[in-house]
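# Observations on chain architecture
This is what each chain is made of:
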Protein chains: 4
Amino acid sequence: MSLNTFGHLFRFTTWGESHGPAIGCTVDGCPPGVALTEADIQPWLDRRKPGTSKFTTQRREADEVRILSGVFEGVTTGTPIQLMIENTDQRSKDYGDIARAFRPGHADITYHLKYGVRDYRGGGRSSARETASRVAAGGVARAVLAKLVPGLKITGYMVQMGSRGIDRGRFDAAEIERNPFWCPDPVAAADWAGYLDELRLAHNSVGAVIEVVAEGVPPGLGAPLYGKLDADLASAMMSINAVKGVEIGEGMASAALTGVENADEIRMGPEGPLFLTNHAGGILGGISTGQPVVCRFAVKPTSSILTPRATVNSAGEEVDLVTKGRHDPCVGIRAVPVGEAMMALVILDHLLLDRGQTGGARGVIG
Amino acid sequence: MSLNTFGHLFRFTTWGESHGPAIGCTVDGCPPGVALTEADIQPWLDRRKPGTSKFTTQRREADEVRILSGVFEGVTTGTPIQLMIENTDQRSKDYGDIARAFRPGHADITYHLKYGVRDYRGGGRSSARETASRVAAGGVARAVLAKLVPGLKITGYMVQMGSRGIDRGRFDAAEIERNPFWCPDPVAAADWAGYLDELRLAHNSVGAVIEVVAEGVPPGLGAPLYGKLDADLASAMMSINAVKGVEIGEGMASAALTGVENADEIRMGPEGPLFLTNHAGGILGGISTGQPVVCRFAVKPTSSILTPRATVNSAGEEVDLVTKGRHDPCVGIRAVPVGEAMMALVILDHLLLDRGQTGGARGVIG
Amino acid sequence: MSLNTFGHLFRFTTWGESHGPAIGCTVDGCPPGVALTEADIQPWLDRRKPGTSKFTTQRREADEVRILSGVFEGVTTGTPIQLMIENTDQRSKDYGDIARAFRPGHADITYHLKYGVRDYRGGGRSSARETASRVAAGGVARAVLAKLVPGLKITGYMVQMGSRGIDRGRFDAAEIERNPFWCPDPVAAADWAGYLDELRLAHNSVGAVIEVVAEGVPPGLGAPLYGKLDADLASAMMSINAVKGVEIGEGMASAALTGVENADEIRMGPEGPLFLTNHAGGILGGISTGQPVVCRFAVKPTSSILTPRATVNSAGEEVDLVTKGRHDPCVGIRAVPVGEAMMALVILDHLLLDRGQTGGARGVIG
Amino acid sequence: MSLNTFGHLFRFTTWGESHGPAIGCTVDGCPPGVALTEADIQPWLDRRKPGTSKFTTQRREADEVRILSGVFEGVTTGTPIQLMIENTDQRSKDYGDIARAFRPGHADITYHLKYGVRDYRGGGRSSARETASRVAAGGVARAVLAKLVPGLKITGYMVQMGSRGIDRGRFDAAEIERNPFWCPDPVAAADWAGYLDELRLAHNSVGAVIEVVAEGVPPGLGAPLYGKLDADLASAMMSINAVKGVEIGEGMASAALTGVENADEIRMGPEGPLFLTNHAGGILGGISTGQPVVCRFAVKPTSSILTPRATVNSAGEEVDLVTKGRHDPCVGIRAVPVGEAMMALVILDHLLLDRGQTGGARGVIG
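Small disclaimer: the values here were computed from a predicted structure and weren't measured. (Residues numbered from 1 in each chain as written. Chains lettered and ligands numbered in written order. Predicted model: local features only at pLDDT ≥ 70, side-chain atom pairs only at ≥ 80, totals over all residues. Heavy atoms only, no water.)

## A closer look at the overall build of chain A
Heads up, the condition is: Secondary structure elements are defined from DSSP: runs of H or I of at least 4 residues count as helices, runs of E of at least 2 residues count as strands, and each element is numbered from the N terminus. Note that the radius of gyration is over C-alpha atoms, with the globule rule given as 2.2 Å times the number of residues to the power 0.38. The cut-offs for exposure are 20% and 50% of the maximum accessible area for each residue type, with area from a 1.4 Å probe on protein chains only; residues under the lower value are buried, those over the upper are exposed, and the others partly exposed. Surface exposure here means Shrake-Rupley accessible area, sampled with a 1.4 Å probe, where a residue is shielded only by the protein chains that are shown. Only four residue types enter the charge count, namely Lys and Arg as positive and Asp and Glu as negative; His and the chain termini do not. The location of each charge is read from NZ of Lys, CZ of Arg, CG of Asp or CD of Glu.
Looking only at helices and strands, one finds eight helices and 18 strands in chain A. Rg of the C-alpha trace for chain A: 21 Å, near the compact-globule value of 21 Å for 366 residues, within the 12% margin. With 366 residues in all, chain A has 70% of them scored as buried. With the model as given, the accessible surface of chain A reaches about 10,400 Å², and the carbon-plus-sulfur share is 52%. Side chains of chain A carry 37 positive and 41 negative charges; the gap between the two charge centres is 4 Å.

## Quick word on the interface of chain A and chain B
Spelled out, the test is: Should any heavy atoms of two residues lie within 4.5 Å, those residues are considered in contact. Accessible area that two parts lose when put together, evaluated with a 1.4 Å probe and summed over both, is termed the buried area. Throughout this description, the term salt bridge denotes a Lys or Arg side-chain nitrogen within 4 Å of a carboxyl oxygen of Asp or Glu. Residues are grouped as follows: Ala, Val, Leu, Ile, Met, Phe, Trp, Tyr, Cys and Pro are nonpolar; Asp, Glu, Lys and Arg are charged; every other residue, Gly included, is polar.
Taken together, the contacts link 113 residues of chain A with 114 residues of chain B. When chain A packs against chain B, the two sides together hide about 9,100 Å² of surface, and 61% of this comes from carbon and sulfur. The largest contributions to the chain A side of the interface with chain B come from Lys 114, Tyr 226 and Lys 244 of chain A, which together make up 11% of the buried area. Our count for the chain A to chain B interface comes out at eight salt bridges. For Arg 267 of chain A, the salt bridge goes to Asp 320 of chain B, with nearest N and O atoms at 3.9 Å. Residue contributions to the side of chain A that touches chain B peak at seven residues, all from helix H3 (residues 108–115) of chain A. When grouped by side-chain class, the residues that make up the side of chain A that touches chain B number 54 nonpolar, 42 polar and 17 charged.

## Here's the deal with helix H6 (residues 229–238) of chain B
Counting buried positions along H6 of chain B yields ten of ten residues, so the element is predominantly enclosed. Among the residues of H6 of chain B, those classed as buried are Leu 229, Asp 230, Ala 231, Asp 232, Leu 233, Ala 234, Ser 235, Ala 236, Met 237 and Met 238 of chain B.

## Description of the UniProt feature "binding site: NADP(+)" (unreviewed entry) in chain A
All names here are of chain A. What counts here: UniProt positions are given in the numbering used here, feature names are shortened, and annotations may be inferred rather than shown by experiment. Throughout this description, a polar contact denotes any pair of N or O atoms lying within 3.5 Å of each other; where both atoms belong to protein, one of them has to be capable of donating a hydrogen while the other can accept it, and for residues adjacent in sequence the pair is counted only when both atoms sit in side chains.
The positions that UniProt labels "binding site: NADP(+)" (unreviewed entry) are, in the present scheme, Arg 48 and Lys 54. In this structure Arg 48 comes out as buried when scored by relative accessible area, which is 2%. Apart from the residues within four sequence positions on either side, Arg 48 is in contact with Asp 63, Ala 128, Arg 129, Thr 131, Ala 132, Val 135, Arg 334, Pro 337 and Val 338. Engagement of the side chain of Arg 48 in a polar contact is seen with the side chain of Asp 63, the distance being 3.3 Å. Relative to the elements of secondary structure, Lys 54 occurs in the loop between helix H1 (38–48) and strand S4 (65–67). Dropping the residues within four chain positions of it, Lys 54 is found in contact with Asp 197 and Arg 200.

## Some points on the UniProt feature "binding site: FMN" (unreviewed entry) in chain A
Feature annotation in UniProt assigns "binding site: FMN" (unreviewed entry) to the following positions: Arg 125, Ser 126, Ser 127, Asn 241, Ala 242, Gly 285, Lys 300, Pro 301, Thr 302, Ser 303, Ser 304 and Arg 326 of chain A. Among residues more than four places away in sequence, those in contact with Lys 300 of chain A are Gly 105, Val 206, Gly 207, Ala 242, Lys 244 and Val 331 of chain A together with Ser 254, Asn 262 and Leu 284 of chain B. From its side chain, Lys 300 of chain A meets the backbone oxygen of Gly 105 of chain A in a polar contact 2.8 Å long. Structurally, Pro 301 of chain A is set in the loop between strand S16 (293–299) and strand S17 (309–312). Judged by relative accessible area, which is 1%, Pro 301 of chain A ranks as buried. Beyond its immediate chain neighbours, meaning those up to four positions away, Pro 301 of chain A contacts Ser 205, Val 206 and Gly 207 of chain A together with Ser 254, Leu 257, Thr 258, Gly 259 and Asn 262 of chain B.

## Observations concerning the relation of the copies chain A and chain B
Two chain copies here: they are related by a rotation about an axis and a translation along the same axis. This is how the line gets drawn: A least-squares superposition brings the copies together, and it is based on the C-alpha atoms of residues with pLDDT no lower than 70 in both.
In the superposition of chain A on chain B (RMSD 0.0 Å, axial shift 0.0 Å), the rotation amounts to 180°. Within this description, the copies of the chain are treated as partners about a two-fold rotation axis. Same-surface contact between copies: 100% of interface residues of chain A are shared with the interface of chain B.

## Quick look at unusual backbone geometry
Cis rather than trans, the peptide bond between Pro 224 of chain A and Leu 225 of chain A has omega equal to 5°. Among the structural elements, Leu 225 of chain A can be located in the loop between strand S10 (208–215) and helix H6 (229–238). At Asp 63 of chain A, a position not held by glycine, the phi torsion is positive, near 50°. Mapped onto the elements of the fold, Asp 63 of chain A is located in the loop between H1 and S4. Judged by relative accessible area, which is 0%, Asp 63 of chain A ranks as buried. With a phi close to 60°, His 203 of chain C is a non-glycine residue in the positive phi region. Here His 203 of chain C is to be found in the loop between helix H5 (186–201) and strand S10 (208–215).

Below you can see the structure in the form of structure tokens.
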């Protein structure tokens, strides 16, 4: 889990820059014997694809994935799976300002400071385009999970745009796929549409909060103490572009609870212990409880905006920068499928890790 | 960074249970030639030590650290440093209920589910006692950092207890060491004292939010994309017992900002680029900017409380459990030195990783 | 260093099957600012390329490498470098027998036993074709080494074919590039040509011993105790297809030496300590001494031969198998550039690891 | 598998210097629920213990192991197992010469060059004493293997001392435990006794070759391509002090074989495929075949000898050095239990890794 690789046993390494010939990832450690074709991965990529509404970047990318290895006659072989997505809409325009000036709030300056050199075209390696590779890897993880944990269900949605949250009383899972914001609250979705339009026209952008829930996660996943399920989820989500906060269960709000309130009391259900609440977000001591795993993360507003901001360039000159080009007014929207993918990747990784160490043996209750 | 090891190049592995003969950790990858004795580590442990006020557990542990290897004639040799802390106050009392019943909100049940067996004495491996090992490892990291990055300063403090936050207008760094809560706001500290006393007497507990700030962090630290500085901090903090949320800079609140607000504008200062604000918390694209690195995390309330809670035991019987014994009414208090230690460990690890990959070369501005 | 990834800080992950659309590798951790184009890598691949003499497989592969990421305007950026080599001569012939029967001495049967499924076309993942990816990664490592350690020189050659060794008295470095065997002894080369022709016509194959020497390796490289320079070289060479033994310096013959004979005595030279002999092969305690690093490995004979051998197929039927197709009569020949590449990769990895941990500081003598 | 840690999933990290207060190791990733006490580990340590005959160093160490964590009520809990061995016979003598001069053939000089500082007492970290920690870790691995792979049997023995090999026709497994050399050939054992006595009295030392065989290894273990079973064994054995060569099956001799000779032909036995020979040493393509895994390694002669050798000291002065103290005339003898331990550790690690990735599923034959 270093540099460009994520995972313990189910590991993927992403590569590629926004405007290079292609991006992709190598998935290593995939169990053999799982049915897999491009058609299993493509739908997930299509969900993240830019240009599907006026609320996302107008870059047009087919985001067509090719499997170059690791699959034979439609089945995984246990060897590395190479996934490649060609970049088709990388306009070789004049990058003029961006090539030298550093967008405030963007990784331009830190890549420059660290490496002394950077591919400035479209953000290069720090572009959100890299997340397409994660979604592709997530597609592989989902295919494996579908076989190993049939009941597992991962759902991501946006619960806040700017300071406007959803009303949980109106939560409707079916609504999520019906609006461009993956919003489970139809009223909030309508409100956000107007709000984001305003911001967009005002050459501004805004942040968001995404929630990802995994139902049907077996208990016992997590590798204490430094590969805890929640620690790995935190790392996974924080590694997504523009993410600044990660929460499990009650998250930051758990600070305001008392021990009496926070205790998820337990009774015996027909099939074993039953938690009466889920403040813990499905994880205790870094190990899954069997309840839904609930993770939220905050995405900051897109830093590439048409409003001029004060900055400097590599020559040390002070300039006011306007970022032209095609950008998401709320990059959080497209982070939803990415968060889902990371959830799938972390769960599968821990499933394999757990069966490696414990053989998947479970303590009995009752 | 798997199971019980943390870090890429500066790695530590902790071991030990709350009521076993000892706990400790192996620090591997420590640069040679750094002056180090027990006296460099002990003060950090003393800060975390239980029993220093009525607001922490009354367990009395000397928490005396011994260096068993890796140091010769007062200097690190580059070989593994073994740090051991003997457990001296592990009362061999009757664990009766705890041995079989699972405390709601505690890792008891997940360790049981995962491993089928657990050391129930004092929480075993899932006890906050493990954090003493981290603080000891952090002491080693601080000694190295003092040599390699002389200006570096790491400060942790509590900014919220329950729903009661500090007033940042009253922030006084000198105050932090003067109250039992590491609180930088004297008014809040006084308020918390009364509040926590009440809770304690009511057999209850409460959560908290800790903030850790590192000043003087060189720019360029961070290993995109999956070993980002913020991703590793998120993993580090989330791995601390009872932590449920981690934030960098504006954190979850960044969702509510617009792009215009969030952009940390840049001007040229006498010694290079100067950020006018620090919404980013010192990290862009997973790489340090040179500004203070700001990290916050929420600690849930202690789950071991004297108020009876509904639960089950390993026989599958429904019981009402009261957790006797010596417990922190606000375990967040003692998490402050732990958060500082994790910050030091992550920064040093990335410093070494960066000089490995880039040789510490930096891009020039101006 | 697990599954399909090799290296600590300079890590590469290879992917691809012999008869899939392409093979390649992801090089992660490459220092930024190093001049690199396909032209820096291609010459190394050309050395390993099949079909260059009658003594190697007649498969015709251009083995043309493409850099898909990590390089911008001819310079490495510090981000992952994706190298892809398309398979152009993967004849879609009838694999009939091979698809079901297991070649004796080949990985066919173990891949089947482990994974339950395998890409049998041309050996799939276990084909020596995978080594092209290593040679490509090695080309990147060489470009970096050329900048960081200008005096470094890595030379591989064959010292034994079958039971016929070279005469070290006739060792002529210039000869290595002049014959199809990378043989430094012209007399042996002539002898081998006749011998191998005979074997080839007799539908047989033969093993070989390769020696790789690195001159100009700085002292101090190696990460005791389990990432020792020699342990990593052993792992690197043993991971090459068909390798069954690895030696450092005197190797297996050191068993026959006495302590008086084996001690490489030291005197002071004009620029520091000078070893009078090099039984150690440039490595003591897993750390480089500054002397030439000398590594040898034995390659077993190609298992795909035209002589019928007794085996079974996946149906459990006993069959006599003749392996048709295009195969190397002495696969050791093409292992020479692979061994050189692995040497380059291990040395660079340890160079970066060392400067990470120690900052490249060296103890002084004199 | 970096610095002082070995293993993928079953990982151990050793620590400690020859003359510090203690040595030991942390075993992480041990499956839970395995019966384990000090009594399961101690016998293996006793086999490696110095001072048991006149042919090993006269240092008197009880080598008594203590389990400090990870075991509760005699059963492993899945948490890290800390094993500690106190150093009891570290004479604080005058190290005079050794403290400054570098023993030819010893790691003294490379530790100095790498770290600039070293614990010179008894070789410090580079002492063969570190191997006691491996043997202790190996004891844990054996306890787990006894449960998971009941039929597994690991046997190590010496097959060559100096240039004197055993006669395989006289191989008698029962003989191994009867002589101080772990020699399976009673005639050779008698011969070696006289030979080593001579060498010892002549202030000399000698090398050896050790063979370790694991019978009952399940097929399918090994993680191609860079965590191959043989690559990991090569790394494991080469990491043992003084080892200069590692062989699998035919090893270096496989170079002299033809493909017809080398092919291990296969027939169907009553329970599945049956290999007629085992030139491969039980490993094909880095994956176990189910045949005995055969590994050999060469140990160079002890470099600490009483015969004066030319060297330099840290001041750069040329000196003639005689190494006094208690040293093994043939350090290969005590490497036998170490080699066995490494074999056990590698096999268990791959067993867990395999069940993680493939779930232990196996391809069917017949």
